[in-house]
Amino acid sequence: QVQLVESGGGVVQVGGSLRLSCAASGRTFSSYSMGWFRQAPGKEREFVAAIRWSSGNTYYADSVKGRFTISRDNAKNTVYLQMNSLKPEDTAAYYCASSKAIALLTAPNAYDYWGQGTQVTVSS
């Protein structure tokens, strides 16, 4: 049974930072990719960042490039999303997801397992 558990969300002021964690279990993740997505109320779920577990290759949405960093700790089976210079438009529920695809994909339907989400609120 694959489980993805996010943590680290909260309320932060504009310009602040948060680090989200996604603890993964239940499969051998070394051959998979992991992604972070977010969804604001009334909006579709959107891609944020992805990382290839084995190589560490990464890919980012233009809206977060230069501000967010995705990384992984193989020993802990955990993926992180370091978010700096946060803006009010970053407010959303953030989800991590696992994909069997080799490529770093941005479409939610390319990911087969999802966490429960963690809320990030950026206040001005």
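Here we summarise the structure given alongside this text. (Residues numbered from 1 in each chain as written. Predicted model: local features only at pLDDT ≥ 70, side-chain atom pairs only at ≥ 80, totals over all residues. Heavy atoms only, no water.)

## As for the environment of Ser7
Tracing the sequence through the fold places Ser7 in strand β1 (residues 3-7). On a C-alpha basis, the gap between Ser7 and Tyr80 in space is 9.6 Å, while along the polypeptide they are 73 residues apart. Contact partners of Ser7, with chain neighbours within four places excluded, come to Arg19, Leu20, Ser21 and Thr118. (Helix = DSSP H or I, 4+ residues; strand = E, 2+ residues; numbered from the N terminus. Contact = heavy atoms within 4.5 Å.)

## Some words on the state of the cysteines
Tallied over the entire structure, the rule returns one disulfide. Cys22 shares a disulfide with Cys96; S-S distance 2.0 Å. Classification of the bridge connecting Cys22 and Cys96 rests on its S-S torsion, roughly 55 degrees, and on that basis the disulfide is right-handed. Of this pair, Cys22 sits in strand β3 (residues 18-25) while Cys96 is found in strand β9 (residues 92-99), placing the two residues 74 residues apart along the sequence. Like Cys22, the residue Cys96 is buried in the burial classification. (Disulfide = S-S within 2.5 Å. Buried < 20%, exposed > 50% of the residue type's maximum accessible area, 1.4 Å probe, protein only.)

## Here's the deal with the sheet that holds β1
Read from one edge to the other, the open sheet built from four strands follows the order β1-β3-β8-β7, with strand pairing classed as antiparallel. Each edge of the open sheet carries a strand with a single partner, namely β1 and β7 (68-73). Going across the sheet, the axis of each strand differs from the next one's by a mean of 15 degrees, ignoring polarity. Sheet topology note: the β7/strand β8 (residues 78-83) ladder contains six bridges and is antiparallel. Note that in β8 the partner of Thr69 across the bridge is Gln82. (Pairing = 2+ DSSP bridges. Axes fitted to C-alpha atoms, helices over the stretch in contact; angles between N-to-C directions.)

## Quick look at unusual backbone geometry
A positive phi angle, close to 50 degrees, is found at Asn77, a residue other than glycine. Judged by its relative accessible area of 25%, Asn77 is partly exposed.

## Description of the side chain of Arg52
Within the secondary structure, Arg52 is located in strand β5 (residues 46-52). As a buried residue without a salt bridge, Arg52 has its nearest oppositely charged side chain in Asp112, at a separation of 11 Å. Residues within four places of Arg52 in sequence aside, it is in contact with Ser31, Tyr32, Ser33, Asn57, Arg72, Ala101, Ile102 and Leu104. (Lys, Arg positive; Asp, Glu negative; His and termini not counted. Salt bridge = Lys/Arg side-chain N within 4 Å of Asp/Glu carboxyl O.)

## Some words on the nonpolar core
Core analysis: the largest hydrophobic core is formed by 34 residues, its most contacted members being Trp36, Leu81, Met83 and Tyr94. Counting only elements with at least two residues in this core, the list comes to β3, β4 (33-39), β5, β7, β8, β9 and β11 (118-123). The greatest single-element share of this core, amounting to five residues, is contributed by β5. Residues contacting Leu81, with those up to four places away along its chain left out, are Leu18, Arg19, Leu20, Trp36, Val48, Ala49, Phe68, Thr69, Ile70 and Tyr94. (Core = buried A, V, L, I, M, F, W, Y, C linked by side-chain atoms within 4.5 Å.)

## Structural notes on the environment of Ser25
Here Ser25 shows up in strand β3. Among the residues examined, Ser25 registers a relative accessible area of 32% and is labelled partly exposed. Spatially, the C-alpha atoms of Ser25 and Gln119 are 21 Å apart, while their sequence positions differ by 94 residues. For Ser25, the contacting residues outside a window of four places in its chain are Gln1, Val2 and Gln3.

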